[in-house]
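Structure assessment
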Amino acid sequence: MLRFGGFANYIFAGLETNNVQRIGHLTVFRSGYFLFGAGNPAAYGIDNYRQVIDLFKHDPVVGPMIQVITPTQSLWASPAFHR
């Protein structure tokens, strides 16, 4: 049981670490992105993303915990593109 518990703990720690390294702790999306953004992600980008970044940087609670903030862009190819 101890060996299995250690193994399970190791797996979960690895998954958490991989997730943080891959996408980070916090991801911010524009309202409506999860409902409609998959069909047109460009329409749901955050226009004033620099202001949003500044809000997080200067937040008294979150700001000191931030090491890196990076904007990302997601591009989706339509199914017709793959033909």
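About the thresholds
Residues numbered from 1 in each chain as written. Predicted model: local features only at pLDDT ≥ 70, side-chain atom pairs only at ≥ 80, totals over all residues. Heavy atoms only, no water. Helix = DSSP H or I, 4+ residues; strand = E, 2+ residues; numbered from the N terminus. Buried < 20%, exposed > 50% of the residue type's maximum accessible area, 1.4 Å probe, protein only. Areas by Shrake-Rupley, 256 points an atom, 1.4 Å probe, with all protein chains shown as cover. Phe/Tyr/Trp six-rings, centres within 6.5 Å; stacked < 30°, edge-to-face > 60°. Patch = residues over 30% accessible without salt bridge, like charges linked within 9 Å, V, L, I, M, F, W, Y side chains within 5 Å. Salt bridge = Lys/Arg side-chain N within 4 Å of Asp/Glu carboxyl O. pLDDT = per-residue confidence, 0-100.

What about the overall build of the protein?
In terms of regular secondary structure, the protein is built from three helices and zero strands. Each helix (α) and strand (β) of the protein, taken in turn from the N terminus, gives the series α-α-α. A buried classification covers 6% of the 83 residues belonging to the protein. Accessible surface computed for the protein: about 7,900 Å², of which carbon and sulfur atoms make up 61%.

A look at the packing of aromatic side chains
The description of two aromatic rings rests on the distance between their centres and on the angle between their planes. Throughout the structure, instances matching the rule amount to one aromatic pair. An angle of 20 degrees between the planes, with centres 4.9 Å apart, marks the rings of Phe29 and Tyr33 as stacked. Judged by its relative accessible area of 13%, Tyr33 is buried.

A short note on the environment of His25
Considering the arrangement of structural elements, one finds His25 in the loop between helix H1 (2–23) and helix H2 (33–37). The sequence separation of His25 and Ile66 amounts to 41 residues, and the corresponding C-alpha distance is 9.8 Å.

A look at a nonpolar patch on the surface
Among the surface-exposed residues, Phe4, Phe7, Tyr10, Ile11, Phe12 and Leu15 lie close enough to one another that they form a single nonpolar patch of about 730 Å² accessible area. Here Ile11 is to be found in helix H1.

Overview of the confidence of the model for the protein
Mean pLDDT over the protein: 78, with 84% of residues reaching 70 or higher. Here H1 is the element of the protein with the lowest mean pLDDT, 78, and helix H3 (residues 49–57) is the one with the highest, 93.

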